[in-house]
Amino acid sequence: MELADMIAQLRQELSRAMSAGEGADLRFNAERVELELTVGVERTHEPGVKVRFWVFDASATTKRSAAVTQKLTLTLQPVRADAPDRMALISGDELLGED
């Protein structure tokens, strides 16, 4: 999966969680989202093609021993498009035993 596609899916999941939390009693401030990824770097020699980053899951990294992989840590700060100065709120159900 390309890095841009993975980030787009993460954005969709966070947006879905925010929508589900509208009016919920329990919500979370999304100050930062930290991701640690194993990525492969692909560089082609065709004109106009740039470097591409591929995100691997744990099982794929063992199968792609010939590929050069790197650990990449991303720290993202979610902001709302309609209110960039306000912190994004994510909802969730309270787990048994949580205070």
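K.L.:
How should I be thinking about the confidence of the model for the protein in this particular structure?
P.N.:
Taken over all residues, the pLDDT of the protein has a mean of 76, while the share at 70 or more is 80%. Mean pLDDT values over the elements of the protein span from 52, in helix 2 (residues 58–63), up to 88, in helix 1 (residues 3–20). Across residues 61–65, confidence stays below pLDDT 50; counting only partners more than four residues off in sequence or on other chains, it has three contacts.

K.L.:
What is the right way to look at the nonpolar core in this model?
P.N.:
Generally speaking, a soluble globular protein has its nonpolar side chains buried in company with each other. Listed in full, the nine residues of the largest apolar core are L3, M6, L10, V33, L35, L37, V39, V55 and L74. For this core, the elements supplying multiple residues, two or more each, are helix 1 and strand 2 (33–42). Ranked by residues supplied to this core, first place goes to strand 2 with four residues.

K.L.:
What should I look at first to understand the environment of E42 in this one?
P.N.:
Within the secondary structure layout, E42 lies in strand 2. Classification of E42 as partly exposed rests on a relative accessible area of 30%. Distance from E42 to V68, taken between C-alpha atoms, is 8.6 Å for residues 26 residues apart in sequence. Beyond its immediate stretch of four places on either side in the chain, E42 contacts K50, V51, R52 and W54.

K.L.:
Help me understand the environment of L3, please; the structure alone is not making it clear to me.
P.N.:
Position of L3 among the secondary structure elements: in helix 1. In the structure, L3 is positioned 49 residues away from R52 in sequence and 8.1 Å away in space, judged by C-alpha atoms. Aside from chain neighbours lying at most four places away, what touches L3 is L37, F53, V55, L72 and L74.

K.L.:
Even after reading the chapter, I still don't get the sheet that holds strand 3 (residues 52–56), so can you show me in this structure?
P.N.:
As summarised here, the arrangement of the three strands in space is 3-2-4, forming an open sheet in which the pairing is antiparallel. Two strands bound the open sheet, and with one partner strand each, they are strand 3 and strand 4 (69–76). With direction set aside, neighbouring strand axes in the sheet form an average angle of 50°. On top of the sheet, helix 1 reaches strand 2, strand 3 and strand 4; it is set at about 155° to strand 2, its chief contact.

Cut-offs applied
- Residues numbered from 1 in each chain as written.
- Predicted model: local features only at pLDDT ≥ 70, side-chain atom pairs only at ≥ 80, totals over all residues.
- Heavy atoms only, no water.
- pLDDT = per-residue confidence, 0-100.
- Helix = DSSP H or I, 4+ residues; strand = E, 2+ residues; numbered from the N terminus.
- Contact = heavy atoms within 4.5 Å.
- Core = buried A, V, L, I, M, F, W, Y, C linked by side-chain atoms within 4.5 Å.
- Buried < 20%, exposed > 50% of the residue type's maximum accessible area, 1.4 Å probe, protein only.
- Pairing = 2+ DSSP bridges.
- Axes fitted to C-alpha atoms, helices over the stretch in contact; angles between N-to-C directions.

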